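# Analysis of the macromolecular model
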Number of protein chains: 2
Amino acid sequence: MTTFSAAPWLDVPADHPFGIATLPYGVFSTAADPVARVGVAIGEMILDLAPAVRLLAPQLAPAVTGPSLDTLLAAGPQAWSQVRASVSTWLTDTSLGEQLGGYLVPMRDAVMHLPFTVADYVDFYASEQHATNLGRMFRPGQDPLTPNWKHLPIGYHGRAGTIVASGTDIVRPCGQRRGTDGQITFGPSRRLDIEAEVGFVVGTPSRLGREVELTRFEEHVFGVCLVNDWSARDIQAWEYVPLGPFLGKSFATSVSPWVVPLAALDPARVAPPARTVPLLPYLDDSQTPPWGLDIRLEVRLNGHVVSTFDGMYWTGAQMLAHLTANGASLRTGDLYASGTISGERPDQRGSLIELSWGGAEPLRLADGTTRSFLEDGDEVVISAGAPGADGAVIGLGEVRGRVVARLP
Amino acid sequence: MTTFSAAPWLDVPADHPFGIATLPYGVFSTAADPVARVGVAIGEMILDLAPAVRLLAPQLAPAVTGPSLDTLLAAGPQAWSQVRASVSTWLTDTSLGEQLGGYLVPMRDAVMHLPFTVADYVDFYASEQHATNLGRMFRPGQDPLTPNWKHLPIGYHGRAGTIVASGTDIVRPCGQRRGTDGQITFGPSRRLDIEAEVGFVVGTPSRLGREVELTRFEEHVFGVCLVNDWSARDIQAWEYVPLGPFLGKSFATSVSPWVVPLAALDPARVAPPARTVPLLPYLDDSQTPPWGLDIRLEVRLNGHVVSTFDGMYWTGAQMLAHLTANGASLRTGDLYASGTISGERPDQRGSLIELSWGGAEPLRLADGTTRSFLEDGDEVVISAGAPGADGAVIGLGEVRGRVVARLP
């Protein structure tokens, strides 16, 4: 039996989430070589991509050279395929250990950086269960889903300049809050929360005034990362009518260091949930191979698993088609995220406000402490994986952040 | 009597809106020299700044060299003062005509470009009368101002990647609209509108996790431009609950080519409107020199003046303090706009939806035609001016755009 697996010289277990079928891209540096550069994760190692490509496929070098993934993102789908195929070939070749060994860096020795320059950041609201839960809490007594929810993927623009690398400390934001007594005060948020999301990274730009059709998703989107859309619920609740979330979100958004190419997620494609409202043609994916993704997320708070879930109503392809339906152009480095993903069960919710039901039912952690919202010092890790072929797991890695008190 | 005026060799009338007291910055090119470069407007001429500076103040050359204002914005307030003082000195010097004459380009020969690389774009909602008018139309039967309106400057992030230079054609956006019969359809917007706004251009960045206090406005904000925040009211009305405007705005936003330094607007500083709700300390400007600005905007539609107005409740300094109150950092090139400015009288409204009261009272133009919203081929020009010292006018120039049908 021949199995598609990493070459023996790499010593990567077949079920490793960063096995040969994943090959995500990131940007790293080391103490020995502090220049930020593009790497590919393989098991617990990082392949220093530019020198490997210069050695074995020099014609591809321009696409992978530089301090970020920006050039690779801009290089377009043909280059993405070529680079991925080349790396896959090399890392399954039993004879290349000697040549490539010198370009492998242990992950534990690397510092990971923000992988690309974020152009525009859009956050969607694509999980039906999350939208329903939030609607119940923010607009009690009304239909929890607004009338537009099943007609279009609701989204809004976030702050690109405060997107930070995984591991960056999150300073507790200040802002205006309205107390239960109606008093308006200013101070550190008392309801600091997470939102566990999947992010889509745009590579190929598009022309202003032209939509990007549903079927062109793979031409424009390079890959997927994880996003923690930190949210200050008290600030958000007071500010968000009528123009949407602003300071309740804009203080920081964390992204995972590894961007998994769409090609790696091919085995994870599934049909999205059944649509209960007919879709307009530009969003109708019933006649095209679906882009639902069987990605399972997990949230850990101070090491304790608090939630495991999946479930997006809208697909990445639909979000992209909607985002550009008005002629808005895409730029290399645009990031759009799914919005919090929540499953149906109470333990499948992707935010603390849902898990603690607005603070009414504090969450009990395995260490005996309880949480309604985040305390200073709390660390949140969101990780995810998707099914690969032959039982493999496609890892999305993790996005990590610790809450710290406001700077003195 | 000595008057502060442009040197005779420039031949600029004392009351020219781009007189010696304005000296706005822009980016231009010419057919003879198609390289985009920084210029200063003086009357009907543009001073090609980099060669002039290299000749007369070479130590300032790094701040003004390059294809955009980005380096000048990043250079910080001391450099801004030095460059402005130098240019002002040269252009009032009766003896420099021969030396500088070769660096003057007639404005009519120049193509103007987007003046800076937009980092994040935020749009506020700072005019009380505009918010009241929109509230009446979008949420009939409710209090037109939401409860938070006088406590904080409401704002949201817009799409930075679709900010375009003045003169760029605006392709009519498509999108979902809900008809009066409740049917949801997709097609070209039938209620395409303008929003006449003042934009603030950030030069000096700030640190993540730190607020920028009200009194530090001038350290961070370089200057002011004009913004037309094109809006598709039908798309917006259907999509905006609960996360705010998205596709109704993101298709295009036009900015004026000339950025007027804050220093030029010093004589236009006025007290903002009386506050009827006490402000929290971080927004309270009662003890600091106020940053209300006496800027008067004018909207022309196909050459006919349809509105003349001023009136922002929140100042640029307050918007900045609010934008960063949660610790959100600033980047060089951040742009934040006032939101539509409307005065109290019906002919002082800064958008067509207000001027035609949602289409119920179509506007009659001087040529006998009527408009509720924009038609293909319509051209909108927003211009503005502010009082200078000694009766001078500080011009903000204009932002211009023509609506074209969707691309075939």
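Structure shown above.
Sequence order as written defines the numbering, with residues in each chain counted from 1. Key to labels: chains lettered from A, ligands numbered from 1, both in the order written. Local features in this predicted model are restricted to residues whose pLDDT is 70 or higher, and side-chain atom pairs enter the listing and the counts only when it is 80 or higher, whereas totals over whole chains, interfaces and linings include all residues. Each side-chain value is worked out from all heavy atoms of the structure, with water and hydrogens disregarded.

Facing 62 residues of chain A, the contacting portion of chain B comprises 62 residues. Buried area between chain A and chain B, both sides added, is near 5600 Å², and the carbon and sulfur share of it is 60%. The term buried area denotes the loss of accessible surface (1.4 Å probe radius) that occurs when two parts are joined, taken as the sum for both partners. Three residues, Arg159, Leu243 and Phe246 of chain A, lead the burial of chain A against chain B; their summed loss comes to 15% of the area buried on that side. Put simply, a salt bridge is a Lys or Arg side-chain nitrogen that is within 4 Å of an Asp or Glu carboxyl oxygen. Between Asp334 of chain A and Arg159 of chain B there is a salt bridge; the shortest N-O distance is 2.8 Å. In this text, helices come from DSSP runs of H or I with a minimum length of four residues, and strands from runs of E with a minimum of two, each type numbered from the N-terminal end. Listing elements by their share of the side of chain A that touches chain B, those giving two or more residues are strand S6 (121–124), strand S7 (155–158), strand S10 (174–178), strand S11 (184–188), helix H8 (233–239) and helix H9 (316–323) of chain A. Broken down by element, the residue count for the side of chain A that touches chain B peaks at 4 residues, all from S7 of chain A. In this classification, the charged set is Asp, Glu, Lys and Arg, the nonpolar set is Ala, Val, Leu, Ile, Met, Phe, Trp, Tyr, Cys and Pro, and all remaining amino acids, among them Gly, are polar. Considering only residue class, the side of chain A that touches chain B consists of 34 nonpolar, 17 polar and 11 charged. Should any heavy atoms of two residues lie within 4.5 Å, those residues are counted as being in contact.

Here a pair means two rings of Phe, Tyr or Trp (six-membered ring of Trp) with centres within 6.5 Å. Their orientation is stacked below 30 degrees between planes, edge-to-face above 60, and tilted elsewhere. The full count for this structure, using the stated rule, is 25 aromatic pairs over all chains. The interplanar angle of 50° and the centroid separation of 6.5 Å between the aromatic rings of Trp149 of chain A and Trp314 of chain A together place this pair among those described as tilted. A residue pair is termed long-range when its members are at least 10 positions apart, and Trp149 of chain A in the loop between helix H6 (128–138) and S7 and Trp314 of chain A in the loop between strand S21 (304–309) and H9 qualify at 165 residues. Both residues of the pair, Trp149 of chain A and Trp314 of chain A, count as buried. The interplanar angle of 55° and the centroid separation of 5.6 Å between the aromatic rings of Tyr25 of chain B and Phe222 of chain B together place this pair among those described as tilted. Here Phe222 of chain B lies in strand S14 (residues 221–228) and Tyr25 of chain B lies in strand S1 (residues 25–30), a separation of 197 residues in the sequence. Neither residue differs from the other here; Tyr25 of chain B and Phe222 of chain B are each classed as buried. Site record: aromatic cluster; members linked through ring pairs are Phe124, Phe200, Phe217, Trp291 and Tyr336 of chain A together with Phe246 of chain B. The ring of Trp291 of chain B has Arg269 of chain B lying over it, and the distance from NZ or CZ to the ring centre is 3.7 Å. A ring has a charge above it when a Lys NZ or an Arg CZ is no more than 6 Å from the ring centre and no more than 35 degrees off the ring normal. Positioned above the aromatic ring of Tyr313 of chain B, the side-chain terminus of Arg275 of chain B is 4.5 Å from the ring centre. Three exposure classes are used, based on accessible area relative to the maximum for each residue type with a 1.4 Å probe and protein chains only: buried under 20%, partly exposed in between, and exposed over 50%.

Right, let's get into the layout of surface pockets. Buriedness for pockets is judged along seven lines, at least five of which must meet protein on both sides within 12 Å for an open set on the 1 Å grid over protein atoms alone, while cavities are sets there where a 1.4 Å probe fits but cannot get out, and lining residues have an atom within 4 Å of a point. Grid points are joined across faces, edges and corners, and a volume is the space filled by probe spheres set on the points. As a volume, the largest pocket reaches approximately 1200 Å³. What lines the largest pocket is a set of 38 residues, among which Phe138, Arg139, Ala237, Tyr240 and Val241 of chain A lie closest to the centre. Of all the secondary-structure elements, those providing two or more residues to the lining of the largest pocket are H6, S10 and H8 of chain A together with helix H8 (233–239) of chain B. Per-element accounting of the lining of the largest pocket gives the leading share, 4 residues, to H8 of chain A. Broken down by class, the residue content of the lining of the largest pocket amounts to 18 nonpolar, 9 polar and 11 charged.

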